[in-house]
Amino acid sequence: MAERGRPRGFDRAVALRRAMEVFWEHGYEGTSLGDLTAAMGIRPPSLYAAFGNKEALFREAVALYEGMEGEPPLQALQEAPTAAAGIEAMLRANVRSYTEPGRPTGCMVVLAATTYTPSTEGIRDFLAEQRRAGTAAVQERLERGRADGDVPPGADTGALAAYVMSVQYGLSLQARDGATREELDTVVDCVLAGWDAVVAARAVTVGTG
């Protein structure tokens with residue numbers, strides 16, 4: 001039996017990808033319905049029928065972004081032989097992503113809701129949760145490093161994870177401001193050069209008895 005109703009006249013996956021790029025470039029508040037429908041090549045009724053509303057579309061766009069851009073750095077973090085090597089691999093993968101030519105710069109999850117109103121607090125909280133998940137992944141890798149012996153037993157993995165993610169957020173903002181890949185890689189070089197001292201500064205003495 002033929003499907004009832006008018007067939008959808010656009011590729012939903014392509015439209016979602018275009019919406020993601022608009023949100024990535026302009027943020028949630030800075031993106032209007034007209035911006036979205038123009039980029040997606042559809043009219044508002046089709047957007048509502050396919051995605052629900054702007055917030056629901058944004059959440060889908062973030063999920064797409066995380067799958068495309070967020071997973072490779074996290075995979076690099078997890079697969080490296082040591083925690084320090086994983087952090088380097090993650091940061092450098094993000095530098096490449098943030099500065100890839102021909103698309104928006106920086107991190108969508110970091111930049112998409114730097115401003116908000118009471119009506120968009122849900123979006124702010126949603127993105128904050130995404131960022132907390134990234135911090136938790138870094139802390140888990142540091143704790144695995146502690147178990148493996150490449151992170152000192154007394155290392156404050158929570159503080160170290162917060163430090164790493166603060167660097168990552170700064171890389172995103174600098175990329176949006178026009179920093180080059182080479183300039184951002186230099187920042188990562190500085191992090192690595194001081195890593196042992198930072199770990200030692202955030203370590204507590206662990207007794208043996």
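Reading the values: the criteria
Residues numbered from 1 in each chain as written. Predicted model: local features only at pLDDT ≥ 70, side-chain atom pairs only at ≥ 80, totals over all residues. Heavy atoms only, no water. UniProt positions renumbered as here; feature names shortened; annotations may be inferred. Helix = DSSP H or I, 4+ residues; strand = E, 2+ residues; numbered from the N terminus. Core = buried A, V, L, I, M, F, W, Y, C linked by side-chain atoms within 4.5 Å. Buried < 20%, exposed > 50% of the residue type's maximum accessible area, 1.4 Å probe, protein only. Contact = heavy atoms within 4.5 Å. pLDDT = per-residue confidence, 0-100. Phe/Tyr/Trp six-rings, centres within 6.5 Å; stacked < 30°, edge-to-face > 60°. Lys NZ or Arg CZ within 6 Å of the ring centre and 35° of its normal.

### A short note on the UniProt feature "DNA-binding region" (unreviewed entry) in the chain
The feature "DNA-binding region" (unreviewed entry), as given by UniProt, occupies residues 32-51 in the numbering adopted here. Across residues 32-51, the secondary structure splits into 80% helix and 0% strand, with the terminal C-alpha atoms separated by 15 Å.

### What to know about the nonpolar core
In terms of nonpolar packing, the biggest core is built from 55 residues, with Met 40, Leu 57, Phe 58, Met 108, Leu 127 and Leu 142 touching the most fellow members. Ignoring anything within four residues of it in the chain, the contact list for Leu 57 reads Leu 16, Ala 19, Phe 23, Leu 36, Met 40, Leu 47 and Phe 51.

### Overview of the confidence of the model for the chain
The predicted model of the chain averages 91 in pLDDT, with 92% of residues at 70 or higher. For the chain, helix α10 (residues 195-201) is the element with the lowest average pLDDT, namely 92, and helix α5 (residues 83-98) is the one with the highest, namely 98. Confidence drops under pLDDT 50 across residues 1-7; counting only partners more than four residues distant or on other chains, this segment forms zero contacts.

### Some thoughts on the packing of aromatic side chains
Counted under the stated rule, the structure contains six aromatic pairs. Centre to centre, the rings of Phe 23 and Phe 58 are 4.9 Å apart; their planes meet at 85 degrees, and the pair counts as edge-to-face. One end of the pair, Phe 23, is in helix α1 (residues 12-26); the other, Phe 58, is in helix α4 (residues 54-79), and 35 residues separate them in sequence. Taken together, a centroid distance of 6.4 Å and an interplanar angle of 75 degrees make the contact between Phe 58 and Phe 126 edge-to-face. Taken together, the residues Phe 58 in helix α4 and Phe 126 in helix α7 (residues 121-148) connect sequence positions 68 residues apart. Phe 126 shares its class with Phe 58; the two are buried. A cation over a ring is seen here: Lys 54 above Tyr 28, with NZ or CZ 4.3 Å from the ring centre. Looking at Arg 59, its charged tip hangs above the ring of Phe 126, at a distance of 4.5 Å from the centre.

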